[in-house]
Amino acid sequence: GEDVEQSLFLSVREGDSSVINCTYTDSSSTYLYWYKQEPGAGLQLLTYIFSNMDMKQDQRLTVLLNKKDKHLSLRIADTQTGDSAIYFCAENGDYKLSFGAGTTVTVRA
Amino acid sequence: ETGVTQTPRHLVMGMTNKKSLKCEQHLGHNAMYWYKQSAKKPLELMFVYSLEERVENNSVPSRFSPECPNSSHLFLHLHTLQPEDSALYLCASSQDWGGATDTQYFGPGTRLTVL
């Protein structure tokens, strides 16, 4: 957790875009991940990006990677109430995944 | 549905009980993991098994005992737990361990409450 940092909370209006930010420390990470956890559920893999890419788009999700600054972001377009959840950033360095503490996203009407 | 199932989904036990958590993956993966998720704390990796051999044990107390009888099944045997062990226990699997194909897929978790 201490190698990956995220802001803890984000509130967004339905229909707006959400941007969740993450910073990491391990420059040898091969992949960086975004997971979503809904209440009472496990972690759902949302998307991942290979470390030699700058951007990856998958429907409403856009991942941006700034490898120089070790900064990763997840943008959710047209945020819906079903997007309310905790979002975890993770990096795979040193033979294991290191997770951030999670960003709780609340979507308000 | 991620292809990783866990049972039971909820478990309440006393400190003197012995119970086991079960995880099964239907993905043909070679590596399996146990994580502990406590409130307000990041996920803690507990154990990693690769090809049925334990490859990581992150200073987990001996009251937690993992078992991996084959590459599809992983157990976590619990005995003499403490109230602070109450948490969500998550199982995950990946194609391999420590390589480029180690993207992890998680089960729904077992919510454990120790009284």
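Per chain, residues are indexed from 1 in the order of the written sequence. Labels follow written order: the first chain is A, the first ligand is 1, and so on. Owing to the predicted nature of the model, reporting of local features is limited to residues with pLDDT of at least 70; listing and counting of side-chain atom pairs is limited to 80 or more, with chain, interface and lining totals taken over all residues. Only heavy atoms go into the side-chain values, all of them from the structure, while hydrogens and water stay out.

Novice: Help me understand the overall build of chain B, please; the structure alone is not making it clear to me.
Specialist: Numbering of helices and strands runs from the N terminus, with a helix taken as a DSSP run of H or I at least four residues long and a strand as a DSSP run of E at least two residues long. Helix and strand counts for chain B stand at zero helices and 11 strands. Start at the N end of chain B and walk to the C end: the helices and strands fall as β-β-β-β-β-β-β-β-β-β-β. Its C-alpha atoms give chain B a radius of gyration of 13 Å, within 12% of the compact-globule value 13 Å for 115 residues. Structurally, chain B occupies a C-alpha span of about 40 × 30 × 30 Å along its principal axes. Exposed residues in this analysis have more than 50% of their type's maximum accessible area, buried residues have under 20%, and partly exposed residues fall in between, with area computed by a 1.4 Å probe over protein chains only. For chain B, with 115 residues in total, the buried portion stands at 45%. Residue contacts follow a heavy-atom distance rule, with two residues in contact if any of their heavy atoms lie within 4.5 Å. Pairs at least 24 residues apart make up 54% of the contacts formed inside chain B by residues separated by at least 6 positions. The protein chains shown are the only cover counted for residues, whose accessible areas, like all others here, come from Shrake-Rupley with a 1.4 Å probe. Accessible surface, chain B: about 5,300 Å² in total, of which carbon and sulfur atoms supply 50%. Looking at charge distribution, chain B has the averaged site of its 10 positive side-chain charges lying 12 Å from that of its 11 negative ones. The size measure is the radius of gyration over C-alpha atoms, and the globule rule it meets is 2.2 Å times the number of residues to the 0.38 power. Positive: Lys, Arg. Negative: Asp, Glu. His and the chain ends are not part of the count. Lysine's charge is taken at NZ, arginine's at CZ, aspartate's at CG and glutamate's at CD.

Novice: It is not clear to me how the pairing of strand β4 (residues 31-37) of chain A should be interpreted in this structure. Could you clarify?
Specialist: Remark: a regular strand shows side chains that alternate across the two faces of the sheet. Residue and element names in this part refer to chain A. Among the seven residues in β4, seven count as buried, and that is most of the element. Burial along β4 is two-sided: Y31, Y33, Y35 and Q37 and L32, W34 and K36, pointing in opposite directions, are all buried. When DSSP locates at least two bridges between a pair of strands, those strands are taken to pair. Where β4 and strand β5 (residues 43-50) come together, seven bridges link them in antiparallel fashion. Looking at the pairing, Y35 lines up with L45 of β5. The loop that links β4 with its antiparallel partner β5 comprises five residues; one of these, G40, has a positive phi angle of about 75 degrees. Two elements, β4 and strand β9 (residues 85-93), share six bridges in a ladder whose sense is antiparallel. From the neighbouring strand, K36 faces β9, where its bridge partner is Y87.

Novice: Would you explain the sheet that holds strand β7 (residues 61-66) of chain A in this entry?
Specialist: Note on sheets: strands pair through backbone hydrogen bonds, and any given pair is parallel or antiparallel. Residues and elements named next belong to chain A. Read across the sheet, five strands follow the order β1-β3-β8-β7-β6 without closing on themselves; strand pairing throughout is antiparallel. The two strands at the open ends of the sheet, each matched to only one other strand, are β1 (4-6) and β6 (55-58). For this sheet, the mean angle separating the axes of adjacent strands, direction not counted, is 15 degrees. Judged from the three bridges that link them, β1 and strand β3 (residues 18-24) form a sheet pairing that is antiparallel. Note on β3: the bridge partner recorded for E5 is T23. Under this scheme, a helix contributes an axis fitted over its contacting stretch, all axes are lines through C-alpha atoms, and angles between N-to-C directions fall in the 0 to 180 degree range.

Novice: Would you mind going over the state of the cysteines with me for this structure?
Specialist: Put plainly, a disulfide is one covalent bond tying together the sulfur atoms of two cysteines. Residue and element names in this part refer to chain A. By convention in this document, the label disulfide applies to cysteine sulfur atom pairs within 2.5 Å. Scanning the model with the defined rule gives two disulfides over all chains in all. The side chain of C22 participates in a disulfide bridge whose partner is C89; the two sulfur atoms lie 2.0 Å from each other. Between C22 and C89, the S-S dihedral sits near -65 degrees, and the bridge is therefore left-handed. Of the two residues, C22 sits in strand β3 while C89 sits in strand β9, which places them 67 residues apart along the sequence.

Purely geometric numbers; function is a separate question.
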